[in-house]
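# Architecture and fold: a report
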Amino acid sequence: MQRKTAFRIQPLRYVKTRYTSNREQKEEEMRRFDSATESASADEDKERVGSALKLTGSNGCKAASEENEEEAEMKAVSTSPGGRFLKFDIELGRGSFKTVYKGLDTETWVEVAWCELQDRKLSKVERQRFKEEAEMLKGLQHPNIVRFYDFWESPLKGKKCIVLVTELMTSGTLKTYLKRFKVMKPKVLRSWCRQILKGLHFLHTRTPPIIHRDLKCDNIFITGPTGSVKIGDLGLATLKAASFAKSVIGTPEFMAPEMYEEHYDEAVDVYAFGMCMLEMATSEYPYSECQNAAQIYRKVTSGVKPASYNKIMDPEIKEIIGECICQKKEERYTIKDLLNHAFFAEDTGVRVELAEEDDGKKISIALKLWVEDHKKLKGKYKESGAIEFTFDLEKEVPEVVAQEMVESGFFQESDVKTVGKSIRDRVALIKWRRGRTVSATVTVEQGEEGPKIIKAPSENISSGQPHIGQPLLLEPEEPEADQHSRLHNLTGSTASVTCKTV
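Just so we're clear, the structure is a prediction, and the values are computed from it rather than from any experiment. (Residues numbered from 1 in each chain as written. Predicted model: local features only at pLDDT ≥ 70, side-chain atom pairs only at ≥ 80, totals over all residues. Heavy atoms only, no water.)

Attention shifts here to the sheet that holds strand E4 (residues 110-118). What links the strands of a sheet is backbone hydrogen bonding, and the strands pair in either a parallel or an antiparallel sense. The strand order E1-E2-E3-E4-E6-E5 describes an open sheet built from six strands, whose pairing is antiparallel. Edge positions in the sheet fall to strand E1 (76-79) and strand E5 (148-156), since each of these pairs with one other strand and no more. Within this sheet the neighbouring strands show an average axis-to-axis angle of 40°, counted without direction. Two strands pair when backbone bridges link them, and strand E2 (residues 85-94) and strand E3 (residues 98-105) are joined in this way by six bridges, in the antiparallel orientation. Looking at E3, one finds that Gly 93 is bridged to Val 100. In this fold helix H3 (residues 124-137) packs onto E5 and strand E6 (159-167), with an angle of close to 145° to the strand it touches most, E5. (Pairing = 2+ DSSP bridges. Helix = DSSP H or I, 4+ residues; strand = E, 2+ residues; numbered from the N terminus. Axes fitted to C-alpha atoms, helices over the stretch in contact; angles between N-to-C directions. Contact = heavy atoms within 4.5 Å.)

Here is the structure:
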């Protein structure tokens, strides 16, 4: 730095000493050099100190500002009655009914959601009902249910409000996911729907059963680290009913017809699940073609399905949704039916589907088997296509057919149980659906000569009777992959296995 400064001032020195003697020139030159050097060094030191002060001041102010902001944010503005939970002045979300802030559980040092709900003059009966429900919710623990920690009444700006403390969900809802990505891959849809069903099954099997009553994509939350989903906003239906309208408890687009009559059971959650699945499959809000709640009400109560229902491309997804949103609750699937449906079976890497439409009469039916994730199988397979084969519903056994596939070279012996189970799940579903349709079409009429059995038309008629003989599939959730890998162009097999290129 000194050399550069000296070089910069050197020409001025020679210009001024051009007409002096050599000795004087040298002396003058030395004096000027020393003076210039001292001056330059002083200027550099001054500049360096100034820059340092400026940088320190800037960084110091910035650091102080950030520290003050962080301190302000982390300063608790309210505490729970027992002092366990703290509220920070950090708003996470706001709606017409509630405002959510960031909170902290001082016992576990885990962040929580501090929800403040508007108290719109609840009656003593309504208040007592909510307290009973809330106390029950505090004891619920399930991997697909948002944890409910505590509740109390608190004054807010001179008015009473109800505070709920729940598990903090930071990765958004199914609604925000659909807005961002538009298209949901079938495997993700199956995984998330299966988790929602497990959460609902847990609620419905409590004593007494817990009915959500306001299930929708807005209150199904995604957990970031694992990608799993959890059902939230439990217990709010009671407050909404008391605060807004006695006959309208949920969201019109997701409300089953019987909810308008205030006589309902767990079947309303099945209906809402069907609407959630419809939104997930199409990325369209149900009944978005309607202009207001009155139009939605007329369509729902007359059995008219949302326009988006006809946009579903996958026939199996369409069938499941259709059976969930039936106008008559007796005709809907139950949560147990859905958990046992082959579509929602736990991901084993192998999937069996119908290769043709089942008319309910054929004894031998065409099926196709896909290898969706070869990593989950013990053998090594080429990624190419699907095995299409026929299965005799009366004579053949799934495990025997799976063994024939092994002997034909399609699979290794180590995977025969996995393949056999996938075939058995699909065959069991076919038989159950046929039995369900038959039981729905047979009616008994009392005549003069005694009871007569009369068959009704079988089209579009189903029953709400639960099926028998299938175990409830509630194994632990396995990690889900987004991509499908399929086994293609495989050749023929013996006996019941007849393969085609698809």
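After that view, the rundown keeps rolling.
This part covers the side chain of Lys 175. With respect to the helices and strands, Lys 175 occurs in helix H4 (residues 174-181). Judged by relative accessible area, which is 17%, Lys 175 ranks as buried. Setting aside chain neighbours within four positions, we find Lys 175 in contact with Cys 217, Asp 218, Glu 279 and Tyr 285. (Buried < 20%, exposed > 50% of the residue type's maximum accessible area, 1.4 Å probe, protein only.)

Here the focus is the packing of aromatic side chains. Evaluation of the coordinates by the stated rule reveals 10 aromatic pairs. Ring geometry for Trp 114 against Trp 152: centres 5.2 Å apart, planes inclined by 80°, an arrangement best described as edge-to-face. Placement of the pair is Trp 114 in strand E4 and Trp 152 in strand E5, with a sequence separation of 38 residues. Note on accessibility: Trp 114 and Trp 152 belong to one class, buried. Between Phe 343 and Phe 344, the aromatic rings sit 5.0 Å apart at their centres with planes inclined by 90°, giving edge-to-face as the arrangement. By the burial criterion, Phe 343 is buried, and Phe 344 matches it. Put simply, the rings of Tyr 177, Phe 181 and Trp 192 pair up and form one aromatic cluster. Directly above the aromatic system of Phe 343 lies the positively charged group of Arg 190, at a separation of 5.4 Å from the ring centroid. Lys 305 extends its terminal NZ or CZ atom over the ring of Tyr 309, reaching a point 5.6 Å from the ring centre. (Phe/Tyr/Trp six-rings, centres within 6.5 Å; stacked < 30°, edge-to-face > 60°. Lys NZ or Arg CZ within 6 Å of the ring centre and 35° of its normal.)

Per the stated rule, a full pass over the model turns up 26 salt bridges. Its salt-bridge partner being Arg 351, residue Glu 316 comes within 3.1 Å of it at the nearest N-O pair. One end of the pair, Glu 316, is in helix H9 (residues 315-324); the other, Arg 351, is in strand E9 (residues 350-354), with 35 residues separating them in the sequence. Note that Glu 316 and Arg 426 form a salt bridge whose closest N and O atoms lie 2.7 Å from each other. Placement of the pair is Glu 316 in helix H9 and Arg 426 in helix H12 (residues 416-441), with a sequence separation of 110 residues. (Salt bridge = Lys/Arg side-chain N within 4 Å of Asp/Glu carboxyl O.)

Our next topic: the sheet that holds E9. Spatially, three strands are ordered E9-E10-E11 in an open sheet, and the strand pairing comes out antiparallel. With one partner strand each, in any of the chains shown, E9 and strand E11 (386-392) form the two edges of the open sheet. Strand-to-strand, the axes of this sheet are offset by a mean angle of 30°, without reference to chain direction. In terms of strand pairing, strand E10 (residues 364-371) meets E11 through seven bridges, oriented antiparallel. Its bridge partner lying in E11, Leu 369 is registered against Ile 387. Packing against the sheet, helix H11 (residues 398-407) makes contact with E10 and E11, and its axis sits at approximately 140° to E11.

Turning our attention to the environment of Gln 403. Tracing the sequence through the fold places Gln 403 in helix H11. The spacing of Gln 403 and Lys 417 is 14 residues in sequence and 8.8 Å in space, taken between C-alpha atoms. In contact with Gln 403, not counting residues within four places along its chain, are Glu 413 and Val 416.

The next point concerns the nonpolar core. Core analysis: the biggest nonpolar cluster contains 71 residues, and Phe 273, Met 277 and Leu 338 have the highest contact counts within it. If we ignore the near neighbours within four places in the chain, the residues touching Phe 273 are Cys 193, Ile 196, Leu 197, Leu 200, Leu 215, Cys 324, Leu 338 and Phe 344. (Core = buried A, V, L, I, M, F, W, Y, C linked by side-chain atoms within 4.5 Å.)

In contact at an axis separation of 8 Å, helix H7 (residues 267-282) and H9 are set at 150° when each is read in the N-to-C sense. One finds that H7 runs roughly antiparallel with respect to H9. Classified by chirality, the crossing of H9 by H7 is left-handed. Between H7 and H9, the contacting residues are Val 270, Tyr 271, Phe 273, Gly 274, Met 277, Leu 278 and Ala 281 on the first element and Ile 317, Ile 320, Ile 321 and Cys 324 on the second. The residue makeup of the contact of H7 with H9, split by class, is 10 nonpolar, one polar and no charged. (Parallel < 35°, antiparallel > 145°, perpendicular 65-115°, else oblique. Left-handed = near helix turned anticlockwise from the far one by under 90°. Nonpolar A, V, L, I, M, F, W, Y, C, P; charged D, E, K, R; others polar.)

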